[in-house]
Amino acid sequence: MLKSPRKEERRPVWAEVSLSALTHNLQAIRKYVNPVEEKRKTPRKILSIVKGNAYGHGGPEVAKVLEKAGSDWFGVTCTDEGIAVREAGVRKPILILTSFVPGEESRMVKHDLTAVIHRCEQLALLERAAARRGGKGRVPFHLKIDTGMNRLGIASGDVECFARQYGKCKNIQLTGIFSHFASSGVFTETAVGRQTREQEERLYAAVERLRTLGIDPGLVHLANSAAIVSRPETWADMVRPGAILYGYHPGYDPVEMRDEAEARLPLKPVMSLRSKIISLRSVPAGAGVGYDAAFVAQRPSRIGVLAAGYGDGIHRSLGNRGNVLVHGKLAPIVGIISMDVTMIDVTDIEGVEIGDVATIHGTDGKQVLPANRVARSIGTVTSDLLCAVTQRVPRVYLR
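On a predicted model such as this, the values are computed, not experimentally measured, just so you know.

Participant: So what's going on with the side chain of Arg 44? Residues and values would help.
Facilitator: Residue placement: Arg 44 occurs in the loop between helix H1 (19-32) and strand E2 (47-49). A distance of 2.6 Å separates the side chain of Arg 44 from the backbone oxygen of Val 33, its partner in a polar contact.

What follows is the structure in structure tokens.
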């Protein structure tokens with residue numbers, strides 16, 4: 001039976017983060033994107049994405065562990081996230097994926113964070129901040145190319161404009177170029193399915209144009225996590241803690257193909273979200289449970305109450321749809337999930353008592369309720385589920 005890894009002095013809900021699973025996943029991805037048969041003189045690098053508090057796992061804590069395990073780069077969303085990772089002691093390069101707004105550039109330079117330029121006019125801002133620093137070499141940055149996602153990045157046809165403005169800069173240096181796939185998990189012979197190849201071609205054309213203009217693009221990185229497994233020809237330099245890696249092919253059931261793709265690169269669940277049963281009651285057939293009586297017992301039932309709700313990270317759409325693990329067995333979530341509590345049906349599980357641990361997603365001994373499968377069951381993505389684990393839930397880091 002699962003027990004809490006800490007003394008009970010507070011509300012019994014917590015997230016366990018397995019550091020051994022985290023480092024296993026990093027090593028597995030590094031090995032996968034550097035096949036022995038390629039005999040590469042320079043291995044592909046790994047950019048570990050720790051934005052959004054490392055997808056709920058704890059950004060600075062996760063980054064420190066991944067740096068020790070050999071991650072080459074780290075990616076965050078904004079300057080504040082980058083500073084938090086840097087102040088935790090991480091020394092490897094940190095890429096600010098969504099760039100900066102005017103006024104942030106000096107803080108980025110001060111904390112040795114690598115900016116992303118996605119609009120040409122940002123060059124002048126970064127150049128001035130770099131000049132003010134003075135005497136410490138050129139400040140590095142990466143250039144983002146919009147190859148078809150129509151989100152962030154300069155248009156692939158604006159490379160000459162970028163090159164002209166960059167040529168005026170003496171204090172900054174381009175050290176990388178990248179883009180982002182919009183549909184890397186789509187393999188159908190449709191306009192969307194063909195988009196990935198088109199995006200690759202646009203990025204490579206931009207890279208070659210820069211070289212023709214005498215500009216070294218530096219590191220070239222492209223794929224999101226899905227493309228690591230599903231499109232080995234465009235292997236990415238990314239790893240997300242606990243993230244799903246999947247793809248599917250025409251003529252196959254998408255869920256089956258996700259399983260097939262994940263089997264190529266078996267990763268371990270890193271986070272287990274847990275709570276305890278704080279109440280048990282017998283409910284007669286015909287009685288409603290929770291708000292709006294959204295669940296009505298069809299038989300005499302034993303209903304447990306967990307000390308966690310959507311205010312902790314149990315996705316509200318799991319009400320009357322999801323399950324948790326109790327004693328290694330599935331217990332249905334019943335009724336509407338409240339902000340602070342969730343009801344489960346433990347009628348068919350013997351020996352359940354107040355104080356027993358329930359796993360909302362993650363591992364329970366040899367049993368696993370993977371976050372990616374929970375996410376699929378409610379029509380969302382794994383990162384949505386993991387990022388939903390709120391700050392009031394303590395993270396317990398286990399070796």
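Now that the structure has been shown, the text picks up again.
Participant: Run through the confidence of the model for the protein chain, naming residues and quoting values.
Facilitator: Per-residue pLDDT for the protein chain averages 88, and the proportion of residues at 70 or more is 88%. Between residues 234-257, whose pLDDT stays under 50, and residues either more than four places distant or in other chains, the model counts 87 contacts.

Participant: Mind laying out empty space enclosed by the protein, listing which residues take part and the relevant values?
Facilitator: Under the definition given, this model contains 4 cavities of 30 Å³ or more. Taken as a whole, the second largest cavity spans an internal volume of roughly 50 Å³. Lys 144, Ile 145, Asp 146, Thr 147, Gly 148, Met 149, Arg 151, Leu 152, Ser 179, His 180 and Gln 199 are the residues that line the second largest cavity. Element by element, the count of residues in the lining of the second largest cavity is highest for strand E6 (residues 139-146), at 3 residues. Of the residues in the lining of the second largest cavity, the class split is 3 nonpolar, 5 polar and 3 charged.

Participant: Outline the packing of helix H7 (residues 159-166) against helix H8 (residues 195-212), supporting the account with residue identities and numerical values.
Facilitator: In the contact formed by H7 and H8, the axes pass within 10 Å of each other and the chain directions differ by 40°. In terms of their interaxial angle, H7 and H8 are classed as oblique. Viewed along their axes, H7 and H8 form a crossing whose handedness is right-handed. Here Val 159, Glu 160 and Phe 162 of H7 lie close against H8, whose contacting residues are Ala 206, Arg 209 and Leu 210. Its residues placed into classes, the contact of H7 with H8 shows 4 nonpolar, no polar and 2 charged.

Participant: So what's going on with the environment of Val 289? Residues and values would help.
Facilitator: As for its position among the elements, Val 289 is in strand E12 (residues 288-289). Each C-alpha atom of the pair Val 289 and Ile 336 lies 8.5 Å from the other, and the pair is 47 residues apart in sequence. Once residues within four sequence positions are removed from consideration, Val 289 is found in contact with Val 283, Ala 294, Phe 295, Ile 303, Val 334, Gly 335 and Met 343.

Participant: Any chance you could break down H7 for me, citing the residues and the numbers?
Facilitator: Turning to H7, its buried residues are Val 159, Phe 162, Ala 163 and Tyr 166. Buried residues of H7, seen end-on, are gathered within an arc of 100° and therefore sit on one face of the element. Along its buried surface, H7 packs onto helix H6 (122-133), E6, strand E7 (154-155), strand E8 (172-178) and H8.

Participant: Account for helix H4 (residues 79-87), with residues named and values stated.
Facilitator: The set of residues buried in H4 consists of Thr 79, Gly 82, Ile 83, Val 85 and Arg 86. For H4, the angular spread of the buried residues around the axis is 165°, confining them to a single face. Residues of H4 that are buried make contact with helix H3 (59-68), strand E3 (73-76), strand E4 (94-96) and helix H5 (105-110).

Participant: Got a sec to walk through unusual backbone geometry? Specific residues and values, please.
Facilitator: A positive phi angle, near 50°, is found at Lys 39, a position not held by glycine. The residue Lys 39 is located in the loop between H1 and E2 in this model. With relative accessibility at 72%, the residue Lys 39 sits in the exposed group. Phi is positive for Asp 112, close to 55°, though the residue is something other than glycine.

Participant: Just give me the short version of the nonpolar core, but keep the residues and values in it.
Facilitator: Ranked by internal contacts, the top residues of the largest apolar core, which has 60 residues, are Leu 126, Phe 141, Leu 143, Phe 162, Tyr 166 and Ile 172. If you tally residues by element for this core, the top one is H1, at 7 residues. The contact partners of Phe 141, leaving out residues within four places of it in the chain, are Thr 114, Ala 115, Ile 117, Leu 123, Leu 126, Phe 162, Tyr 166, Ile 172, Gln 173, Leu 174, Thr 175 and Gly 176.

Participant: Run through the pattern of salt bridges, naming residues and quoting values.
Facilitator: Note on pairing: side chains with opposite charge can pair once their charged atoms come close. For the structure on display, the rule yields 13 salt bridges. Among the ionic pairs, Arg 274 bridges to Glu 16, the shortest N-O distance being 3.0 Å. With a gap of 258 residues between them, Arg 274 in strand E11 (residues 271-283) and Glu 16 in strand E1 (residues 13-18) connect regions that are remote in the sequence. Comparing Arg 274 with Glu 16 shows no difference in burial state: the two are buried. Taking the shortest distance from any N to any O, the salt bridge between Arg 392 and Asp 312 comes out at 2.7 Å. Taken as a pair, Arg 392 in the loop between helix H12 (382-387) and strand E20 (395-398) and Asp 312 in the loop between strand E14 (301-306) and strand E15 (323-326) lie far apart in primary sequence, 80 residues in all. Residue class for Asp 312 comes out buried when judged on its relative accessible area of 1%.

About the thresholds
Residues numbered from 1 in each chain as written. Predicted model: local features only at pLDDT ≥ 70, side-chain atom pairs only at ≥ 80, totals over all residues. Heavy atoms only, no water. Helix = DSSP H or I, 4+ residues; strand = E, 2+ residues; numbered from the N terminus. Polar contact = N/O pair within 3.5 Å; in protein donor to acceptor, adjacent residues only side chain to side chain. pLDDT = per-residue confidence, 0-100. Contact = heavy atoms within 4.5 Å. 1 Å grid on protein atoms, 1.4 Å probe; cavity = no way out; pocket = protein on both sides within 12 Å on 5 of 7 lines; lining within 4 Å. Points joined across faces, edges and corners; volume = space filled by probe spheres on them. Nonpolar A, V, L, I, M, F, W, Y, C, P; charged D, E, K, R; others polar. Axes fitted to C-alpha atoms, helices over the stretch in contact; angles between N-to-C directions. Parallel < 35°, antiparallel > 145°, perpendicular 65-115°, else oblique. Left-handed = near helix turned anticlockwise from the far one by under 90°. Buried < 20%, exposed > 50% of the residue type's maximum accessible area, 1.4 Å probe, protein only. Arc of directions from axis to C-beta. Core = buried A, V, L, I, M, F, W, Y, C linked by side-chain atoms within 4.5 Å. Salt bridge = Lys/Arg side-chain N within 4 Å of Asp/Glu carboxyl O.

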